[in-house]
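# Topology and contacts: notes
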Amino acid sequence: MDVVTRTPYCAETPLPALNAWITPISRFFVRNHFATPRIDLESYRLAVEGEVDGPLTISYPELRKLPERNVVATMECAGNSRTRVYPPAEGVPWKHGALGTARWRGVPLGSLLQRVGVRPTATEVVLEGADHGREAGVAGDLSYAMSIPIEKARDPDTILAVEMNGLDLDARHGFPVRAIVPGWYGMASVKWLTRIAVVDRPYQGYFRTRPYVFIHEGDDPESSKKPVTSLQVKSLITWPAEDAVLASGRHIVRGVAWGGTEAIAQVEVTLRPIDGDLRQAGWQPAKLLEPRARFAWARWECSVDFDTPGYHVLRVSATDKDGNTQPLYAPWNFRGVATNSIHAVPVIVRPRRRR
Ligand code: MTE
């Protein structure tokens, strides 16, 4: 793992390691805002309250008795690829590896909401974690919390996960219970979940209104900020790595492509000399590999001729079933969030050896 910040701990996965459909836990990125809380299972309780008829607190063994389901979901941090925007945007300096896919298992959030009886006034659900601390420019102690619309909370695939890849969650990934909000950027998948509050107005907490919002140049930062929600269509090349030196000839280029809820329909790859005109680039289709799932990335591969020696740039672009595709450069925003620019990988093709 590439450790990006030590305190709080944030680490990303080198792209060539994202080569399996399911990312091993040891290779799964970590994004913490505060220190990892230590939670004692004996005393752990999850509270469900707010705009509900019968609030409840539930222990871990009680939660584990409820029907569970598996969801394979790709998680991408909203700040992923932030180091690739110019001018630099504020936030954790991620390259492209704040991304992974896991098989999560847990209780649908909707079934718990059904138990407590959500009132018709409900519009959002606030998910709060046990971790807390201070943020620059904010007075007092903050807990990590994020809200999602009530409809998303009721999606059967939005779960309170207790397992990741067949094992109990580990401390860094949210032990004992975390939300998984598939199809959304990772900030909504709240770890170390201790409180679920159903609310009847837009939640205005720090993490919902400050770091995870779009503020574009020229926007009034207060009135025009738009919350970051579902994943944009995006693809990455996982092989070859940046600045790889390749023998001239044919190679299989590999990568991953994902989006919000719409399945990826097409992935295309192009190889151009470094000073080539991209408008004249010929894009060739990549092959989408099985398995596929509603909220999981599609792995892809493409056989590419690297015939001409010298400096070249490989690029990949994905399109979903609704025709959403990737921009060459995503529009700049102050937080550098939801960057889905076309991934460009410079490579060097070695001339063939003369015998
Ligand atoms: N939940 C809590 N309680 N605290 C956090 O700092 N970080 C969020 C989300 N849930 C966070 C959290 C962000 S920004 C991301 S991208 C994902 O967790 C990362 O999950 P992971 O560390 O398991 O990869």
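Residues numbered from 1 in each chain as written. Predicted model: local features only at pLDDT ≥ 70, side-chain atom pairs only at ≥ 80, totals over all residues. Heavy atoms only, no water.

## Overview of empty space enclosed by the protein
Let me state the cut-off plainly: Two kinds of site are reported from a 1 Å grid over the protein atoms alone, namely cavities, where a 1.4 Å probe fits but cannot get out, and pockets, open sets with protein on both sides within 12 Å along at least five of seven lines, and residues are called lining when an atom falls within 4 Å of a point. Grid points are joined across faces, edges and corners, and a volume is the space filled by probe spheres set on the points. Three classes are used, and their members are as follows: Ala, Val, Leu, Ile, Met, Phe, Trp, Tyr, Cys and Pro are nonpolar, Asp, Glu, Lys and Arg are charged, and the others, Gly among them, are polar.
Within this structure, the stated rule accounts for 4 cavities of 30 Å³ or more. Roughly 230 Å³ of internal volume is contained in the largest cavity. Split into classes, the residues belonging to the lining of the largest cavity amount to 10 nonpolar, 5 polar and 4 charged. Put simply, the second largest cavity is a space of about 100 Å³. Taken together, 15 residues line the second largest cavity, and the ones lying closest to its centre are Gly259, Glu262, Ala293, Arg294 and Ala296. A class-by-class count of the residues in the lining of the second largest cavity yields 9 nonpolar, 3 polar and 3 charged.

## Digging into the site of the ligand
Counted only if it meets this: One heavy atom within 4 Å of a molecule or strand is enough for the residue carrying it to be called near that molecule or strand. Residues adjacent in sequence count toward polar contacts only when both atoms are side-chain atoms; beyond that, a polar contact is any pair of N or O atoms within 3.5 Å, and within protein one must be able to donate a hydrogen and the other to accept it. To be clear on the numbers: accessible area is Shrake-Rupley with a 1.4 Å probe, and residue cover counts the displayed protein chains and nothing else. Criterion for pocket placement: a molecule counts as inside a cavity or pocket if more than half of its atoms are within 2 Å of its grid points. Every helix listed is a DSSP run of H or I at least four residues long, and every strand listed is a run of E at least two residues long, numbered separately from the N terminus.
Surveying the vicinity of the ligand reveals 20 residues, the closest of which are Phe29, Asp131, His173, Arg178 and Lys191. A distance of 2.7 Å separates an oxygen atom of the ligand from a polar atom in the side chain of His173. Ser189 has a polar backbone atom sitting 3.0 Å from a nitrogen atom of the ligand. Relative to its unbound accessible surface of 520 Å², the ligand loses 100% to contact with the protein. The pocket occupied by the ligand, as judged from atoms lying within 2 Å of grid points, is the largest cavity. Secondary-structure elements contributing two or more residues to the shell around the ligand are β3 (30-31) and β8 (124-133).

## Focus: the sheet that holds strand β18 (residues 249-258)
Stated formally: Paired strands, as defined in this entry, are two strands with at least two bridges between them according to DSSP.
Here 4 strands make up an open sheet; going across it, the order is β16-β18-β22-β21 and the pairing antiparallel. With partners counted over all chains shown, the strands left at the sheet margins are β16 (234-239) and β21 (287-288), one partner each. The pairing of β18 with strand β22 (residues 298-306) spans 9 bridges and is classified as antiparallel. By the bridge assignment for β22, Val253 is matched with Cys302.

## Concerning the layout of surface pockets
Approximately 390 Å³ is the volume found for the largest pocket. Lining the largest pocket are 20 residues, and of these Glu90, Tyr206, Arg210, Pro211 and Arg335 sit closest to its centre.

## Some remarks on helix α2 (residues 109-116)
An α-helical turn contains 3.6 residues, so a residue and the one three or four places further along point in the same direction. Going by this rule: The buried label applies to any residue whose accessible area, calculated with a 1.4 Å probe on protein chains only, is under 20% of its type's maximum; exposed applies above 50%, and partly exposed to all values in between. It is the directions from the helix axis to the C-beta atoms that the arc portrays.
Those residues of α2 that fall on the buried side of the exposure criterion are Leu109, Gly110, Leu112, Leu113 and Val116. Mapping the buried residues of α2 onto a view down its axis gives an arc of 160 degrees, with all of them on the same face. Exposed positions of α2 whose direction lies more than 90 degrees from the buried face are Gln114 and Arg115. Gly117 sits one or two positions beyond α2 and adopts a positive phi of about 70 degrees.

## Thoughts on the pairing of strand β4 (residues 45-50)
Regular strands place side chains that alternate from one sheet face to the opposite one. Bridge count for β4 against strand β5 (residues 56-59) is 4 bridges, and the pairing is antiparallel. Considered in β5, the bridge of Leu46 is made with Ile58. Here β4 folds back onto β5 in antiparallel fashion, the turn holding 5 residues. Alignment of β4 against strand β13 (residues 193-199), held across 4 bridges, turns out to be parallel. Its bridge partner being in β13, Gly50 is matched across the sheet by Val198.

## Quick look at the state of the cysteines
Let me state the cut-off plainly: Note on terminology: pairs of cysteine sulfur atoms within 2.5 Å are recorded as disulfides.
Across all of its chains, the model carries 0 disulfides by this definition. Here Cys77 is not disulfide-linked; the sulfur of Cys10 is the nearest cysteine sulfur, at 7.7 Å.

## Quick notes on the domain arrangement of the protein chain
One frequently used descriptor of interface size is the decrease in accessible area upon assembly of the parts. The condition that has to hold: As used throughout, domain bounds are those supplied by an automatic or database domain assignment. A simple way to read buried area is as the amount of 1.4 Å-probe accessible surface that goes missing from two parts once joined, with both sides added. Salt bridges are defined as contacts in which a side-chain nitrogen from Lys or Arg sits within 4 Å of a carboxyl oxygen from Asp or Glu.
Its domain assignment divides the protein chain into domain 1 (2-227) and domain 2 (234-350). Carbon and sulfur atoms supply 59% of the area buried between domain 1 and domain 2, which totals about 3100 Å² over both sides. Taken together, domain 1 and domain 2 are joined by 5 salt bridges. Here Glu90 and Arg335 are joined by a salt bridge, their closest N and O atoms 3.0 Å apart. Where domain 1 packs against domain 2, one counts 19 residue pairs in polar contact (both at pLDDT 80 or more).

## Some words on the environment of His312
Selection criterion: Residues are treated as being in contact if the distance between any of their heavy atoms lies within 4.5 Å.
Among the structural elements, His312 can be located in strand β23 (residues 310-320). Its relative accessible area of 6% is what places His312 among the buried residues. Sequence separation of His312 and Ala344 is 32 residues, and the distance between their C-alpha atoms is 9.9 Å. Leave out the neighbours within four places in its chain, and His312 touches Leu271, Arg272, Pro273, Ile274, Val345, Pro346, Val347 and Val349. A polar atom in the side chain of His312 sits 2.6 Å from the backbone oxygen of Thr308.

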